[in-house]
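Secondary and tertiary structure notes
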Amino acid sequence: MNLEAAMRLAIEQSERVKGATYPNPPVGAVILDSDNDVAGVGATEPPGGPHAEVLALRRAGERAVGGTAVVTLEPCKHHGRTPPCVDALVAAGVSAVAYAVADPNPVAAGGASRLADIGLDVTAGVLADDVASGPLREWLHKQRTGQPHVTWKFATSVDGRSAAADGSSQWITSEAARADVHRRRAVADAVLVGTGTVFVDDPLLTARLPDGTLAERQPLRVVVGEREISSEAKVLNDDSRTMVIRTRDPHEVIKALSDRTDVLLEGGPTLAGAFLRAGVINRILAYIGPILLGGPITAIDDVGVLSIAHAQRWRFDSVESIGPDVLLSLVPN
Ligand SMILES: NC(=O)c1ccc[n+]([C@@H]2O[C@H](COP(=O)([O-])OP(=O)(O)OC[C@H]3O[C@@H](n4cnc5c(N)ncnc54)[C@H](OP(=O)(O)O)[C@@H]3O)[C@@H](O)[C@H]2O)c1
């Protein structure tokens, strides 16, 4: 197996644990033996557990000697809750290390140069873009800015409406698209709506499997706004924890969620507009159903753009079909 193929396998490993490792990064690792065959794979365990490299090395055993470690993030060289991965790689006898993305955390960084100094063959940047925009996207953002990464997700008709004229919006998109949203909730740190959505839709905001049962991991549910919501609101049930933030200031919301890494904003047009105006959205996921609704309820309120010259410009990160719907992913241009 070549380095790129091994990195794809490492990415698959990291995707499996995404959401379960924060505040640690969801990393994937593959150990190739000296014939370049896969000897072991691993992914970061929840905080306090072993890092991806250590698990992959354990599985590889003696086959790691003279082999290559392929890791999505530069191996750490510091003592955190677990010993440095660099030491584990050297002790296992690998002769080469390839990684995708350098560790932006100054405390953990420097592992690659330490390995090179010891005499290992080190390759940086293998599928770096795939990893940085994929499994490590939210964690890298948190490391660089100190703030959680915020994704605004919404469902819309092809004419940009988020509900019919009477406010009904269930459902604009297909079961397949909604299952995709539940999968994203299960890996998010927090799911956010405004009081308006709680009053109109009374959502559970839990991550559920296609059979309706609760997913293993549940995000923190967050309701934002000054009005008091009913104690009977479904979002306050025992399925997960819920935080009510009595503010209309997006920056205060971000501050209150500063211990989170991956936040999914599922609010209606008012909250989404406020967050976009405040410039605190890092990605947009638009699930577009092949229906027309017309009418006054647009997917988004005013975002402060009065003229095309001042339009918020984003770029498409990916476009995919989900059942009969389309999912557009956009990132700031
Ligand atoms: N298609 C979709 O993806 C989707 C998703 C969610 C909802 N919806 C639809 O959207 C409709 C509800 O829309 P909505 O806009 O009322 O929901 P929302 O955006 O979730 O909630 C709006 C409320 O948030 C509070 N808020 C927090 N920060 C604010 C700020 N900076 N500026 C203004 N208000 C702020 C206000 O409540 P306070 O007065 O309490 O402060 C405001 O009334 C429903 O018809 C629902 O079905 C559609």
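Note that this is a predicted model, so its numbers are computed, not measured. (Residues numbered from 1 in each chain as written. Predicted model: local features only at pLDDT ≥ 70, side-chain atom pairs only at ≥ 80, totals over all residues. Heavy atoms only, no water.)

Quick look at the overall build of the protein
- Helix and strand content of the protein: 10 helices and 13 strands.
- Here the protein has a C-alpha radius of gyration of 22 Å; the compact-globule value for 333 residues is 20 Å, and the two agree.
- C-alpha extents for the protein along the principal axes are approximately 65 × 40 × 40 Å.
- A buried classification covers 50% of the 333 residues belonging to the protein.
- Summed over its atoms, the accessible surface of the protein is roughly 15,400 Å², and 51% of this surface lies on carbon and sulfur atoms.
- Within the protein, one finds 32 positive and 41 negative side-chain charges whose respective centroids are separated by 4 Å. (Helix = DSSP H or I, 4+ residues; strand = E, 2+ residues; numbered from the N terminus. Rg over C-alpha atoms; globule rule 2.2 N^0.38 Å. Buried < 20%, exposed > 50% of the residue type's maximum accessible area, 1.4 Å probe, protein only. Areas by Shrake-Rupley, 256 points an atom, 1.4 Å probe, with all protein chains shown as cover. Lys, Arg positive; Asp, Glu negative; His and termini not counted. Charge placed at Lys NZ, Arg CZ, Asp CG, Glu CD.)

Observations regarding helix H2 (residues 52-60)
- Ala52, Glu53, Leu55, Ala56, Leu57 and Ala60 are the residues of H2 that are buried.
- Looking at the buried residues of H2, the elements they touch are strand E1 (28-32), strand E2 (38-43), strand E3 (68-73) and helix H3 (85-92).
- Of the residues one or two after H2, glycine 61 is the one with positive phi, at around 55°. (Contact = heavy atoms within 4.5 Å.)

A closer look at the domain arrangement of the protein
- According to the domain assignment, the protein contains domain 1 (3-139) and domain 2 (148-332).
- Each of domain 1 and domain 2 was reduced to a C-alpha centroid, and the two centroids are 33 Å apart.
- Summing both sides of the interface, domain 1 and domain 2 together bury roughly 800 Å²; the carbon and sulfur share of this comes to 51%.
- Taken as a group, Tyr22, Arg137 and Glu138 account for 64% of the area that domain 1 buries against domain 2, more than any other trio of residues on that side.
- With a closest N to O distance of 2.8 Å, glutamate 138 and arginine 283 form a salt bridge.
- The interface formed by domain 1 and domain 2 includes 4 residue pairs in polar contact (both at pLDDT 80 or more).
- Looking at side-chain class alone, the side of domain 1 that touches domain 2 contains 3 nonpolar, 1 polar and 3 charged residues. (Domains from an automatic or database assignment. Buried area = accessible area lost by both parts, 1.4 Å probe. Salt bridge = Lys/Arg side-chain N within 4 Å of Asp/Glu carboxyl O. Polar contact = N/O pair within 3.5 Å; in protein donor to acceptor, adjacent residues only side chain to side chain. Nonpolar A, V, L, I, M, F, W, Y, C, P; charged D, E, K, R; others polar.)

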